[in-house]
Amino acid sequence: MNKQIRTWGLLSLAALTAVSMAACGSGTKQSGGEASPAAGGGDKPVKLRIVWWGSQARHDATLKALDAYTKKHPNVTFEPEFSGFDGYADKLATQAAAKNAPDIIQMDPAWLFEYAGRNQLADLSKGVATTDIDKSLLDSGKYKDNLYAIPLGNNATGMVFNKNAVDKLGVTPPANGWTWDQYFQFGRDAKAKLGKDKYALMDSTSDYTVYSAYQISQGKGYPITVDGKFNFDKETWLNYVKMYSDLRKEGVVPPPDVASTDKESDAKLDLMNNDTVLMKRSFAALFPGYDGVKPGTYTLVTQPKGVQSSGWLKPSMFWSVSADSKYVEESKKFIDWFVNDQEAADILGTTRGVPVSKKILDYMTPKLTPSDKLQIELIKNVSPDAQPFNPGAKGWSNFTAKDYKDIGEKVMFGKTTPEAAFDELVKKAKDYQ
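These figures come from a predicted structure and were not determined experimentally.

Novice: What is the right way to read the side chain of D270 from this model?
Specialist: Counting through the fold element by element, D270 comes out in the loop between α10 (256-259) and β9 (279-283). Separated by 2.8 Å, the side chain of D270 and the backbone nitrogen of S265 make a polar contact. Each residue touching D270, except ones within four places of it in the same chain, is listed here: D262, K263, E264, S265, K280 and Y290.

Novice: Even after reading the chapter, I still don't get helix α17 (residues 418-429), so can you show me in this structure?
Specialist: An α-helix turns once per 3.6 residues; consequently, residues spaced three or four apart project the same way. The first and last C-alpha atoms of α17 sit 16 Å apart over twelve residues, in line with the 16 Å expected at 1.5 Å per residue. All buried positions along α17 are accounted for by P418, A421, F422, L425 and A429. Down the axis of α17, the buried side of the element spans an arc of 100°, and every buried residue falls inside it. Summarising the contacts, the buried residues of α17 are in contact with α9 (234-250) and α16 (397-412).

Novice: Got a minute to help me understand the environment of S206 in this structure?
Specialist: With respect to the secondary-structure elements, S206 resides in the loop between α7 (180-191) and α8 (208-217). The buried category is assigned to S206, whose relative accessible area is 10%. Put simply, S206 and P384 are 178 residues apart on the chain and 29 Å apart in space, counted from C-alpha to C-alpha.

Novice: Help me understand the pairing of strand β4 (residues 104-107), please; the structure alone is not making it clear to me.
Specialist: Walk down a regular strand and you will see the side chains alternate between the two sheet faces. Because side chains alternate across β4, one face comprises the buried residues I104 and Q106, and the other comprises I105 and M107, equally buried. Here β4 pairs with strand β12 (residues 318-321) via four bridges, running antiparallel. Across the sheet, the residue bridging to Q106 is W319, located in β12.

Novice: What is the right way to look at the side chain of R248 in this model?
Specialist: Structurally, R248 can be placed in helix α9. Under the relative-accessibility criterion, R248 is labelled buried at 16%. If we ignore the near neighbours within four places in the chain, the residues touching R248 are D203, T205, V253, P254, P256, V411 and M412.

Novice: What exactly am I supposed to notice about the packing of α16 against α17 here?
Specialist: The packing of two helices is summarised by the inter-axis angle and the distance between the axes. As a packed pair, α16 and α17 sit with axes 9 Å apart at the nearest point and diverge in direction by 160°. Regarding the angle of α16 to α17, the classification is roughly antiparallel. For α16 against α17, the interelement crossing comes out right-handed. Here F399, D403, Y404, I407, K410 and V411 of α16 come into contact with α17, specifically with P418, A421, E424, L425, K428 and A429. Residues belonging to the contact of α16 with α17 are distributed by class as follows: eight nonpolar, no polar and four charged.

Novice: Even after reading the chapter, I still don't get the nonpolar core, so can you show me in this structure?
Specialist: Ranked by size, the top nonpolar core spans 54 residues in total, and within it W319 and F334 carry the most contacts. Residue contacts for F334: discarding those within four places in its chain leaves I50, L66, Y69, F78, I104 and W319. Of all hydrophobic cores here, the second largest spans 43 residues; its members include W180, A190, V252 and V253.

Novice: Whenever I open this one, unusual backbone geometry confuses me. Can you help?
Specialist: What you tend to see is this: most non-glycine residues have negative phi, and most peptide bonds are trans. The backbone of N119 shows a phi angle near 60°, a positive value even though the residue is not glycine. Looking at the element boundaries, N119 is found in the loop between α4 (112-117) and α5 (135-139). Judged by its relative accessible area of 61%, N119 is exposed. Even without glycine at this site, D275 takes up a positive phi of about 65°. Here D275 shows up in the loop between α10 and β9.

Novice: I'm lost on the environment of W237 in this one. Help?
Specialist: If you trace the backbone, W237 turns up in helix α9. Counting along the chain gives 37 residues from W237 to N274, while the straight-line C-alpha distance between them is 30 Å. If we skip the residues at most four places from it in the chain, W237 touches Y211, F232, Y404, P418, A421, F422 and L425. For W237, the side chain forms a polar contact with the side chain of Y404, separated by 3.1 Å.

Novice: Looking at this structure, how should I read the environment of K91?
Specialist: You can see K91 is positioned in helix α3 (residues 88-97). By relative accessible area, K91 is classed as partly exposed at 33%.

Novice: What should I look at first to understand the packing of α8 against α9 in this one?
Specialist: Interhelical geometry of α8 versus α9 gives an angle of 125° and a closest axis separation of 10 Å. The angle between α8 and α9 places the two elements in the oblique class. For the pair α8 and α9, the sense of crossing is right-handed. Every residue of α9 that contacts α8 at V210, Y211, Y214 and Q215 is listed here: T236, W237, Y240 and Y244. When grouped by side-chain class, the residues that make up the contact of α8 with α9 number six nonpolar, two polar and no charged.

Novice: Quick question: what am I supposed to make of the packing of aromatic side chains here?
Specialist: Geometry of an aromatic ring pair is reported as the spacing of the ring centres plus the angle between the planes. Tallied over the entire structure, the rule returns 39 aromatic pairs. The interplanar angle of 90° and the centroid separation of 5.6 Å between the aromatic rings of W180 and Y183 together place this pair among those described as edge-to-face. Of the two residues, W180 and Y183 both sit in helix α7, three residues apart, roughly one turn of that helix. Judged by relative accessible area, which is 2%, Y183 ranks as buried. On the numbers, 5.5 Å between centres and 10° between planes, the contact of Y211 with F232 is stacked. Here the residue Y211 occupies a position in helix α8, and F232 occupies one in the loop between α8 and α9, the gap between them amounting to 21 residues. Neither Y211 nor F232 differs from the other in exposure class; each is buried. The residue whose ring lies beneath R118 is Y115, and the NZ or CZ to ring-centre distance is 5.2 Å. The residue whose ring lies beneath K415 is F413, and the NZ or CZ to ring-centre distance is 5.9 Å.

Criteria and thresholds
- Residues numbered from 1 in each chain as written.
- Predicted model: local features only at pLDDT ≥ 70, side-chain atom pairs only at ≥ 80, totals over all residues.
- Heavy atoms only, no water.
- Helix = DSSP H or I, 4+ residues; strand = E, 2+ residues; numbered from the N terminus.
- Polar contact = N/O pair within 3.5 Å; in protein donor to acceptor, adjacent residues only side chain to side chain.
- Contact = heavy atoms within 4.5 Å.
- Expected span 1.5 Å × (residues − 1).
- Buried < 20%, exposed > 50% of the residue type's maximum accessible area, 1.4 Å probe, protein only.
- Arc of directions from axis to C-beta.
- Pairing = 2+ DSSP bridges.
- Axes fitted to C-alpha atoms, helices over the stretch in contact; angles between N-to-C directions.
- Parallel < 35°, antiparallel > 145°, perpendicular 65-115°, else oblique.
- Left-handed = near helix turned anticlockwise from the far one by under 90°.
- Nonpolar A, V, L, I, M, F, W, Y, C, P; charged D, E, K, R; others polar.
- Core = buried A, V, L, I, M, F, W, Y, C linked by side-chain atoms within 4.5 Å.
- Phe/Tyr/Trp six-rings, centres within 6.5 Å; stacked < 30°, edge-to-face > 60°.
- Lys NZ or Arg CZ within 6 Å of the ring centre and 35° of its normal.

Below, the structure is given as structure tokens:
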């Protein structure tokens, strides 16, 4: 997910006051049989800075959860910072480098090794009840055998599309198990029936996540391996980039000046939310945000496949705690409540993916909405032949998040050729190996 820096949305003073001032309460109701470290607490005032990205639906649910926690623990208040995904990674990196990161950090799996490897995260091996979390999912938050991140949701790669618009066009809709050839043909068929300034697909030339899926599906492995090796297959990349060049000329994808304005999950600037395109790559955990903007409009489908599948399963995101926090233990107590408490689950739903606690998922299943069920359905469809998850090699996050995007956009805007762009990727990669 590669985005430009943008201003973060901060909680208004009135809303912050509402979060901070709450009636007294005691203990948290646990769904499991373990004693929660969140129960009880002290009288010492604690203000926790907490940061996350996401859709408006996630923002609203999280703010309600913070309010609920403060009502149970009146000495604990929060200073929340939240935004869309754009610029989140850049701002967090700047804060962490200055030893001014928020206490509680929503962490993407792709960045975990970077932060843990720089000793910027606190060890969460003790203080959070994790016995109800699947071991493989829990282990995704480890670095060198220490737990630095608590997963917040099960997730899967996929694609989201406007099913209502597709039905009206009368074209064959996307289907689970489809191929890249069918994907590109769908784009062309849909464009033939769309009007001016309407496009079928996103231009994914500069999207490292989509290219990774494409190369994996061709049996060539990840472009950057888990151990940090440059593994871009030149022929595969050139075919991919030239395909999107053809789609630009045909008007199947937006022109570069339009494509570059996309702001993922933004109610107005996301190119699918504002009806500029019909579909885009996504993740199961992002679906409630789309459905919240236009209820009943969208649905999910697996990513296209080549000689093998292109999808993978992953933790949707994590909570981590800054190693520079003055309130590591208090932060752990909050995370424990967030993951394991039934009241928290009722408030949060699936805004961060399918709940990771097996007991909480059992508790929530009867309450799931159609949107929730679509998330679970995508995970089930991806699971049988899912590719191994690559969290992102240590030291490569700037390459995958910025350099690749910049070079891809130069191709989109016609400022370089695909061949020259590949040579530039090879040259840039030498700075990271």
